Amino acid sequence: MFEGKTILITGGTGSLGTALTKRLLSTNVSKIRIFSRDEWKQTNMKSKFADKRLRFLIGDIRDKDRLYRAMENVDIVFHAAALKHVPVAEYNPFEFVKTNVSGAQNVIDACLDAKVELAVAIGTDKAVSPSTTYGATKLLMERLFLTANFYKGERKTRFICVRYGNVLGSRGSILPIFVENIIANKKIPITDSSMTRFNITMRQAIDLIFRAVKNGKGGEIFVPKLKAFTVKDMKNAVMELVDKKVETIQIPVRVGEKYHEVLISKHEIRNTYESKDDYIVYNFGGEGLDEKRTIPFKKTKLADEYSSDMTELFTKDELKTIITKEKLLEEIIHQSKSGKN
Ligand SMILES: NC(=O)c1ccc[n+]([C@@H]2O[C@H](COP(=O)([O-])OP(=O)(O)OC[C@H]3O[C@@H](n4cnc5c(N)ncnc54)[C@H](OP(=O)(O)O)[C@@H]3O)[C@@H](O)[C@H]2O)c1
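In this text the structure is predicted, and so the values were computed from the model without any measurement.

*Asks:* What is the right way to read the overall build of the chain from this model?
*Replies:* If you tally the helices and strands in the chain, you get 11 helices and 16 strands. What you see for the chain is a C-alpha radius of gyration of 20 Å, in line with the 20 Å of a compact globule of 341 residues. Projected onto the principal axes, the alpha-carbon positions of the chain cover approximately 60 × 50 × 40 Å. Look at the contacts in the chain between residues 6 or more apart in sequence, and 77% of them connect residues 24 or more apart.

Rendered as structure tokens:
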């Protein structure tokens, strides 16, 4: 799939970008260009990987000229760069528009003009019926990527998206918050312990991206079929793993916080198909132009929105197994000591 390919990852130094780079380097990829702003993150990543196939380019996706230069002779683009802190977006909304929306359009324009064959953008559940500024900017990013397939003319670029929720253990998600509070003997802040969340590990997120590369023809959003967990089970799993019990403290609902996570909206269901591992949401042309396209998947059996309260739940013990297998406690403690959480 990646043999001899030159790949560019916007946001390549982030948590997804780093994990994706690691997986791609285990294939026979030709070159990987990492595109991001901060020189220190790039320097650390360079010394961590020490692989001659990696190239590091300082650049901002808001800067179209720089993107055009970075994209010369690139075959595949993974677009992961984004501003993503929900509360920060509420105080700096237009900065999010500049990076997540205008930046995405710059990536698209550069892909088209550089004749990139495939561009995959990383979306989020927060873009589904968005209740926050961050979610709204990511919804626009998805729309820009999908609709680029309509006006690309004779150009060959296929634009596709993947969509998933918080990666287990990622910065700002509930696992590091629980682990850090329990270790520090502090009360765990919880809005409501019966809330549910889909469970996705970094390994599963990259598997999803690879399936999208393999199966995407352009205009699809790939959404993984996942199990979910309740906040209560996650809290108890972490307390047992750390072997410490602390009290919880109830906190008010945070901005845009949803009771259950939704990965496919009710309105998208009529355009949703499924494979063994994924739901595939199609973005058909407004005129119904390409509704006749051949779709290699069967129509979904989902009758309503795809939400974390309607899927199978992991038990507390299964959560403990996942956290242990993925070595997430060790990673979170390490990140916390180095001030990265
Ligand atoms: N983390 C999750 O749980 C999750 C869940 C669903 C979807 N996503 C999506 O997945 C993508 C990657 O997330 P992540 O967790 O890897 O984020 P992350 O760790 O915060 O990394 C973001 C990356 O983007 C770069 N970046 C930010 N602004 C940029 C700009 N203007 N120009 C160029 N590079 C820029 C950052 O580097 P510099 O700061 O050095 O530029 C960094 O490399 C995002 O699009 C996010 O919306 C994440």
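*Asks:* Just to check I follow, could you spell out the site of the ligand for this structure?
*Replies:* Within the structure, the ligand sits among 31 residues, and Gly11, Gly14, Arg37, Asp38 and Ala82 are positioned closest to it. Among the secondary structure elements, those contributing two or more residues to the shell around the ligand are α1 (15-25), α5 (93-113) and β5 (118-124). At three residues, the largest contribution of residues to the shell around the ligand is made by α1. Considered class by class, the residues forming the shell around the ligand number nine nonpolar, 15 polar and seven charged.

*Asks:* Sorry if this is basic, but what is going on with the packing of helix α7 (residues 174-183) against helix α11 (residues 328-337) here?
*Replies:* Helix packing geometry: the angle between the two helix axes and the distance between the axes. Closest axis-to-axis distance for the α7/α11 pair is 10 Å, and the angle between their directions is 75 degrees. In terms of orientation, α7 lies roughly perpendicular with respect to α11. Counted together, Leu175, Pro176, Val179 and Glu180 of α7 and Leu328, Leu329, Ile332 and Ser336 of α11 form the full contact between these two elements. Tallied by class, the residues present in the contact of α7 with α11 amount to six nonpolar, one polar and one charged.

*Asks:* Even after reading the chapter, I still don't get the environment of glutamate 274, so can you show me in this structure?
*Replies:* Mapping glutamate 274 onto the fold places it in strand β13 (residues 272-274). Sequence-wise, glutamate 274 and proline 296 are 22 residues apart; in three dimensions their C-alpha atoms are separated by 9.3 Å.

*Asks:* Would you take a moment to explain the sheet that holds β13 for this structure?
*Replies:* Sheet strands pair via backbone hydrogen bonds, and the direction of the pair is either parallel or antiparallel. Across the sheet, which stays open at both edges, the 10 strands sit in the order β3-β2-β1-β4-β5-β6-β9-β14-β13-β15 with mixed pairing between neighbours. In the strand order of this sheet, the two ends are held by β3 (54-58) and β15 (298-299), each with one partner. Relative to β3, strand β2 (residues 31-36) runs parallel, the two being bridged by five bridges. Residue pairing in the sheet places arginine 33 in a bridge with arginine 55 of β3.

*Asks:* Before we go on, may I ask you to explain the environment of alanine 121 in this structure?
*Replies:* Of note, alanine 121 is situated in strand β5. The exposure class assigned to alanine 121 is buried, which follows from the 28 C-beta atoms found within 10 Å. Distance from alanine 121 to valine 77, taken between C-alpha atoms, is 8.3 Å for residues 44 residues apart in sequence. Ignoring anything within four residues of it in the chain, the contact list for alanine 121 reads His79, Ala104, Met141, Glu142, Phe145 and Cys161.

*Asks:* How should the environment of glycine 285 be read in this particular structure?
*Replies:* Within the element layout of this structure, glycine 285 appears in the loop between β14 (278-282) and β15. Residue classification places glycine 285 among the partly exposed residues on the basis of 13 C-beta atoms within 10 Å. As for glycine 285 and phenylalanine 150, which are separated by 135 residues in sequence, their C-alpha atoms are 7.2 Å apart.

*Asks:* Sorry if this is basic, but what is going on with the pairing of strand β1 (residues 6-10) here?
*Replies:* In summary, the side chains of a regular strand alternate between the two faces of the sheet. Burial runs high along β1: four of the five residues are buried. Bridge analysis of β1 against β2 gives five bridges, and the strand direction is parallel. Bridge pairing in β2 places threonine 6 opposite lysine 31. Once you follow β1 into α1 and on to β2, the crossover reads as right-handed. Pairing between β1 and strand β4 (residues 76-79): four bridges, direction parallel. Residue leucine 8 lies in a different strand from β4, and its bridge partner there is valine 77.

*Asks:* Help me understand the packing of helix α9 (residues 231-242) against helix α10 (residues 316-325), please; the structure alone is not making it clear to me.
*Replies:* Across the interface, α9 lies against α10 with an axial gap of 9 Å and an inter-helix angle of 55 degrees. Of the possible angle classes, the one that applies to α9 and α10 is oblique. The hand of the α9/α10 crossing is right-handed. Two secondary-structure elements touch here, α9 through Asp233, Met234, Asn236, Ala237, Glu240 and Leu241 and α10 through Lys316, Leu319, Lys320 and Ile323. Broken down by class, the residue content of the contact of α9 with α10 amounts to five nonpolar, one polar and four charged.

*Asks:* Explain unusual backbone geometry here, please?
*Replies:* Negative phi values dominate among residues other than glycine, just as trans dominates among peptide bonds. A positive phi angle, near 65 degrees, is found at aspartate 243, a position not held by glycine. Here aspartate 243 shows up in the loop between α9 and β11 (248-250). One non-glycine residue, lysine 327, adopts positive backbone phi at about 55 degrees. Its place among the elements puts lysine 327 in the loop between α10 and α11.

Rules and cut-offs
Residues numbered from 1 in each chain as written. Predicted model: local features only at pLDDT ≥ 70, side-chain atom pairs only at ≥ 80, totals over all residues. Helix = DSSP H or I, 4+ residues; strand = E, 2+ residues; numbered from the N terminus. Rg over C-alpha atoms; globule rule 2.2 N^0.38 Å. Contact = placed C-beta atoms within 7 Å. Near = placed C-beta within 6 Å. Nonpolar A, V, L, I, M, F, W, Y, C, P; charged D, E, K, R; others polar. Axes fitted to C-alpha atoms, helices over the stretch in contact; angles between N-to-C directions. Parallel < 35°, antiparallel > 145°, perpendicular 65-115°, else oblique. Pairing = 2+ DSSP bridges. Buried ≥ 20, exposed ≤ 12 C-beta atoms within 10 Å, placed from the backbone. Right-handed = clockwise from strand over helix to strand, strands pointing away. Left-handed = near helix turned anticlockwise from the far one by under 90°.

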